[in-house]
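A closer look at the structure
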Amino acid sequence: MAHANAGLIGPNAIIRVAETLRERLGDDAAHDIFARAKLEARLSVPPESMVPETEVGALQTALFEGLAGEDAKRISFEAGLRTGDYLLARRIPKFAQFVLKRLPPRMAARTLLSAIGKHAWTFAGSGTFEAKADYPVLVSIANCPLCRGRHADEPQCDFYAGTFQRLFETLVSRNTTVREIECEAAGGSACIFEIEWPKNAAQKAEHAPAAHRQRELT
Ligand SMILES: [Zn+2]
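What counts, and where the lines are drawn
Residues numbered from 1 in each chain as written. Predicted model: local features only at pLDDT ≥ 70, side-chain atom pairs only at ≥ 80, totals over all residues. Heavy atoms only, no water. Axes fitted to C-alpha atoms, helices over the stretch in contact; angles between N-to-C directions. Helix = DSSP H or I, 4+ residues; strand = E, 2+ residues; numbered from the N terminus. Parallel < 35°, antiparallel > 145°, perpendicular 65-115°, else oblique. Left-handed = near helix turned anticlockwise from the far one by under 90°. Contact = heavy atoms within 4.5 Å. Nonpolar A, V, L, I, M, F, W, Y, C, P; charged D, E, K, R; others polar. Core = buried A, V, L, I, M, F, W, Y, C linked by side-chain atoms within 4.5 Å. Buried < 20%, exposed > 50% of the residue type's maximum accessible area, 1.4 Å probe, protein only. Donors = N, O, S within 2.8 Å, 3.2 Å for Na, K, Ca; no water. Tetrahedral: all angles 85-135°; square planar, octahedral: opposite > 155°, others 65-115°. pLDDT = per-residue confidence, 0-100. Pairing = 2+ DSSP bridges. Phe/Tyr/Trp six-rings, centres within 6.5 Å; stacked < 30°, edge-to-face > 60°. Polar contact = N/O pair within 3.5 Å; in protein donor to acceptor, adjacent residues only side chain to side chain.

Look at helix α1 (residues 12–25) against helix α5 (residues 69–91): their axes get within 8 Å of each other, and the N-to-C directions meet at 120 degrees. In this view, α1 runs oblique relative to α5, as classed from their interaxial angle. In this structure, α1 meets α5 at a crossing whose hand is right-handed. In contact with Asn12, Arg16, Val17, Glu19, Thr20, Leu21, Glu23, Arg24 and Leu25 of α1, α5 contributes Arg74, Ile75, Glu78, Ala79, Arg82, Thr83 and Tyr86. The class makeup of the residues in the contact of α1 with α5 is six nonpolar, three polar and seven charged.

The subject of this paragraph is the nonpolar core. Soluble globular proteins tend to pack their nonpolar side chains together in the buried interior. Core analysis: the biggest nonpolar cluster contains 59 residues, and Tyr160, Phe168 and Phe193 have the highest contact counts within it. When residues of this core are assigned to their parent elements, the largest contribution, seven residues, is made by helix α9 (residues 158–171). The contacts of Phe168, once residues within four sequence positions are left out, are Ala109, Leu112, Leu113, Ile116, Val137, Ser173, Thr176, Ile195 and Trp197.

This part takes up the coordination of the zinc ion. Around the zinc ion, the donor atoms from the protein are Cys157 (SG), Glu180 (OE), Cys183 (SG) and Cys191 (SG), and they sit 2.1 to 2.3 Å away. Metal-centred angles of 99 to 119 degrees between the four donor atoms at the zinc ion mark the site as tetrahedral. Sequence positions of the donors to the zinc ion reduce to the motif C-x22-E-x2-C-x7-C. In this pair, Glu180 is assigned in strand β5 (residues 177–182) and Cys191 in strand β6 (residues 191–196), connecting sequence segments eleven residues apart.

Taken over all residues, the pLDDT of the protein chain has a mean of 91, while the share at 70 or more is 89%. Low confidence marks residues 208–218, where pLDDT is under 50. Its contacts with residues over four positions away, or in another chain, come to seven contacts.

Across the sheet, which stays open at both edges, the four strands sit in the order β3-β4-β6-β5 with antiparallel pairing between neighbours. Both outer strands of the open sheet, β3 (128–132) and β5, are each paired with one neighbouring strand and no more. Direction aside, neighbouring strands of the sheet carry axes that sit 20 degrees apart on average. Both β5 and β6 contribute to a ladder of five bridges, which runs antiparallel.

By the definition in use, this model includes ten aromatic pairs. Summarising the aromatic geometry, the rings of Phe95 and Phe98 are spaced 6.4 Å apart at their centres and angled 15 degrees between planes, so their arrangement reads as stacked. Here Phe98 and Phe95 lie together in helix α6 (residues 94–102), a separation of three residues that amounts to about one turn. Residue classification places Phe95 among the exposed residues on the basis of a relative accessible area of 62%. Centre to centre, the rings of Tyr135 and Trp197 are 5.1 Å apart; their planes meet at 75 degrees, and the pair counts as edge-to-face. Pair noted here: Tyr135 is in the loop between β3 and β4 (137–142) and Trp197 is in the loop between β6 and α10 (202–205), with a separation of 62 residues, a long-range link. Given the relative accessible area of 22%, Tyr135 is considered partly exposed. An aromatic cluster of at least three residues, connected via ring pairs, comprises Phe123, Phe129, Phe159, Tyr160, Phe164 and Phe193.

Take the side chain of Asn12 next. Mapped onto the fold, Asn12 is located in helix α1. Given a relative accessible area of 10%, Asn12 falls into the buried group. Of note is the side chain of Asn12, whose polar atom sits 2.6 Å from the side chain of Arg16. Residues contacting Asn12, with those up to four places away along its chain left out, are Val17, Thr83, Tyr86 and Phe159.

Right, dumping it as structure tokens:
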């Protein structure tokens, strides 16, 4: 059964791209991109469960072939941010978030990466996820389903970068930056993301909202 889910990815990789395209470029552009990926049906009826990773790859290919490079990267990244928002709202237990927000960034990163690793099959499909919880954090996805089969001059897995960005900036350090430093589409051995934040403890405290801090004092 371990392989029953190989090659499937959570529906956010379709739904959030549709949402971002519609809001940023309009319904016609969203339709064009989904048609190019042969996924029109997914636009009219958003998927409610895991989808084949080939659909996610086809949609990313359509984005990067159908839009100018910068637009494709921007849409893909924003869809990743929105996926992060969804995970924070619906999937990551509130108590775990409460704890992570109060841990020193490196400890929070270690804990978050281990949770992400356990759920890697939901976003990496048949790709291989690995994480090094050093500083900066390095996350790699080999045989990456997002950019598989494409060739490009620059990294193209902005959807993952956006998801990591939102999770780390919310739970680890508000000034996190994520960069895809190697991408298989651009000749890399894997898609490798470098995640870092200023090594300054004060960064951590700022993202506890004032109301929460007040409640802790009473
Ligand atoms: Zn990549």
